[in-house]
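Overview (structure and organization)
These are the residues of each chain, in order.
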Amino acid sequence: AQKITQTQPGMFVQEKEAVTLDCTYDTSDPSYGLFWYKQPSSGEMIFLIYQGSYDQQNATEGRYSLNFQKARKSANLVISASQLGDSAMYFCAMSFSGGYNKLIFGAGTRLAVHP
Amino acid sequence: SQTIHQWPATLVQPVGSPLSLECTVEGTSNPNLYWYRQAAGRGLQLLFYSVGIGQISSEVPQNLSASRPQDRQFILSSKKLLLSDSGFYLCAWSGVTMNTEAFFGQGTRLTVV
């Protein structure tokens, strides 16, 4: 069975610094997708970044990058140059082949950016 | 561009009352549709998904049901709400390509009293 683990309930970072949010996953499926979503206090889920299991390079989207280490089954999110607006819950999620893009979510990490 | 609408944003309902939450998608056809629930301070749990009109798959046994009467309409229902149905409900859609991202509605915060 597939599983996502986020071991950091809360993190804080100083504005303009970089922060890494951890995510490990478990699956026996060779084809899967890894996603990060941001959930601000308003509750909406905002898609940030995607990494496919067969992608050779780490995904990047602006200030977001995904540190994908397949052998270690980790998919950490790196946010560079943190901004106050980055304060939110962050969820790691996984899809799998034959799963109709159903997502399995981790418990989330609450990030607080301090001025 | 594609948009997803979900309503209402908040709802307070008494125990035993019915429920109907609606979600519609614009700008795409034949999407996969999903209902997730988020308990306070937790991650999201998939409740139902649909790959076509009238096709509903349930992920967890519960007091809720879902329907897809039109291609881009997804409805979450209950005949009699329980206290344990309280939570934050999110509708989402994705394309049919494998391992593609899902896009979420604004969510409905349901409180059963």
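Heads up: the structure comes first, above all this text.
Described below are features of the structure shown in this document.

Criteria and cut-off values
Residues numbered from 1 in each chain as written. Chains lettered and ligands numbered in written order. Predicted model: local features only at pLDDT ≥ 70, side-chain atom pairs only at ≥ 80, totals over all residues. Heavy atoms only, no water. Buried < 20%, exposed > 50% of the residue type's maximum accessible area, 1.4 Å probe, protein only. Helix = DSSP H or I, 4+ residues; strand = E, 2+ residues; numbered from the N terminus. Pairing = 2+ DSSP bridges. Axes fitted to C-alpha atoms, helices over the stretch in contact; angles between N-to-C directions.

Right, let's get into the pairing of strand β5 (residues 44–52) of chain B. Residues and elements named next belong to chain B. Along β5, 7 of the 9 residues are buried, which leaves the element largely enclosed by surrounding structure. One ladder, built from 6 bridges, connects strand β4 (residues 32–38) with β5; its direction is antiparallel. Across the sheet, L33 pairs through a bridge with S50, a residue of β5. Linking two consecutive strands that pair antiparallel, namely β5 and strand β6 (residues 55–58), is a turn of 2 residues; a positive phi of about 75° is found at G54 within it.

Turning next to the sheet that holds strand β1 (residues 3–7) of chain B. All names here are of chain B. Sheet architecture is open: 4 strands sit in the order β1-β3-β8-β7, paired in antiparallel fashion. Looking at which strands have only one partner, the edges of the open sheet turn out to be β1 and β7 (65–70). Pairs of neighbouring strands in the sheet enclose a mean axial angle of 20°, with direction left out of account.

With an omega dihedral of 0°, the bond running from W7(B) to P8(B) counts as a cis peptide bond. Take P8(B): it is sitting in the loop between β1 and β2 (10–13). The phi dihedral of N101(A) is positive, around 60°, even though this residue is not glycine. Using a relative accessible area of 3% as the deciding quantity, one classes N101(A) as buried. Even without a glycine there, the phi angle at N99(B) is positive, about 55°. You can see N99(B) is positioned in the loop between β9 (87–94) and β10 (102–104).

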